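# Examining the three-dimensional arrangement
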Amino acid sequence: MIRWKALFAGIAVVMLLGLLLQLAFTSIVVGQMEASRNFPEYSRAISTVPYLVGFGGYFLVMAVGGYVTASIARNQVVLNALIVGAVTAGISLWFSLDAVDIKPMSLVFFTLGLVFATTGALFWRVRQSQQ
């Protein structure tokens, strides 16, 4: 059974944390550009930091959204988390479309969004079984 309250809460958490992640990512990119200018010999290593933060943050945000969804839904947590993952990753995909062209990497991120939202729900389930 789909729990609307869980869906809305999960979507709200992902959207809020996603916006905070975008703010942090923008700040890190600005810092990365300044660090690359001041330390050109390390620019290659410095340029990987925003990608690590962006990818890791996205996956963490989706997992937290799945966890929150599962904690409210309590039943059929994977289905509810998949719906939250699909909605939020779909909104992200829609906003990132470039000239109405879906790139393969966009589909990879959509799929990984589903995977990590489900992972968050499964993590909740494991924690509930341990209590």
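Anyway, here's the lowdown on the structure attached to this text. Keep in mind the model is a prediction, meaning the values are calculated, not measured.

A word on the overall build of the protein. The helix and strand tally for the protein stands at five helices and zero strands. Secondary structure elements of the protein, listed N to C terminal, follow the sequence α-α-α-α-α. The principal-axis extent of the C-alpha atoms belonging to the protein is close to 55 × 40 × 20 Å. By the burial criterion, 29% of the 131 residues in the protein qualify as buried. Within the protein, contacts between residues separated by at least 24 positions form 80% of all contacts whose residues are at least 6 apart in sequence.

Bringing the pattern of salt bridges into the picture now. Any two side chains of opposite charge can pair, on the condition that their charged atoms come close. Applying the stated criterion to the full structure yields one salt bridge. Between R37 and E34 there is a salt bridge, with the nearest N and O atoms lying 3.3 Å from each other. With R37 and E34 both in helix 1 (residues 4-38) and three residues apart, the pair spans about one turn of that helix. Exposure remark for E34: the relative accessible area of 36% places this residue in the partly exposed category.

What follows covers the environment of V61. Structurally, V61 is set in helix 3 (residues 49-73). Between the C-alpha atoms of V61 and F95, which are 34 residues apart in sequence, the distance is 17 Å. Excluding residues within four positions of it along the chain, V61 makes contact with V14, L17, G18 and L21.

Right, let's get into the packing of aromatic side chains. What the rule picks out here adds up to nine aromatic pairs. Both rings, one in Y51 and one in F55, keep their centres 6.1 Å apart while their planes meet at 45°; by these two values the pair is tilted. Remark: F55 and Y51 occur in helix 3; sequence separation between them is four residues, near one turn of the helix. A centroid spacing of 6.1 Å and a plane angle of 20° characterise the contact between F59 and F109, whose relative ring orientation is stacked. Taken as a pair, F59 in helix 3 and F109 in helix 5 (residues 104-130) lie far apart in primary sequence, 50 residues in all. Connected via pairs of aromatic rings, a cluster forms that spans Y51, F55, Y58, F59, F109 and F116.

The subject of this paragraph is the environment of V84. With respect to the helices and strands, V84 occurs in helix 4 (residues 77-95). According to the relative accessible area criterion, V84 is buried, its value standing at 1%. Residues V84 and L114, spaced 30 residues apart in sequence, show a C-alpha to C-alpha distance of 8.3 Å. V84 has contacts with A6, L7, G10, I11, V14 and T69, leaving out every residue within four places of it along the chain.

To continue, consider the side chain of T69. Positionally, T69 belongs in helix 3. Overall, T69 belongs to the buried group, its relative accessible area being 0%. Polar side-chain contacts of T69 include one of 2.7 Å to the backbone oxygen of G65. With residues up to four places along the chain from it excluded, the contact list for T69 reads A6, G10, N80, A81 and V84.

Cut-offs used in this document
Each chain has its residues counted from 1, following the order in which its sequence is written. Only residues with pLDDT of 70 or above have their local features reported here, since the model is predicted, and side-chain atom pairs are shown and tallied only from 80 upward, although totals for entire chains, interfaces and linings are computed over all residues. As a rule here, side-chain values come from all non-hydrogen atoms in the structure, and water together with hydrogens is ignored. A run of DSSP states H or I qualifies as a helix once it reaches four residues; a run of E qualifies as a strand once it reaches two. Both are numbered from the N-terminal end. Think of it in three bands: residues with accessible area under 20% of the maximum for their type are buried, residues over 50% are exposed, and the middle band is partly exposed, with areas taken using a 1.4 Å probe on protein chains only. In what follows, residue pairs with any heavy atoms lying within 4.5 Å of each other are defined as contacts. In the sections that follow, a salt bridge refers to a side-chain nitrogen of Lys or Arg positioned within 4 Å of a carboxyl oxygen of Asp or Glu. Note on aromatic contacts: the rings of Phe and Tyr and the six-membered ring of Trp form a pair at centre separations within 6.5 Å, being stacked when their planes are under 30 degrees apart, edge-to-face when over 60 apart, and tilted otherwise. Within 3.5 Å is the distance limit for a polar contact, defined as a pair of N or O atoms, with the added protein rule that one can donate a hydrogen and the other accept it, and that residues adjacent in sequence qualify only through two side-chain atoms.

Everything listed is a geometric property; what it means functionally is a separate question.
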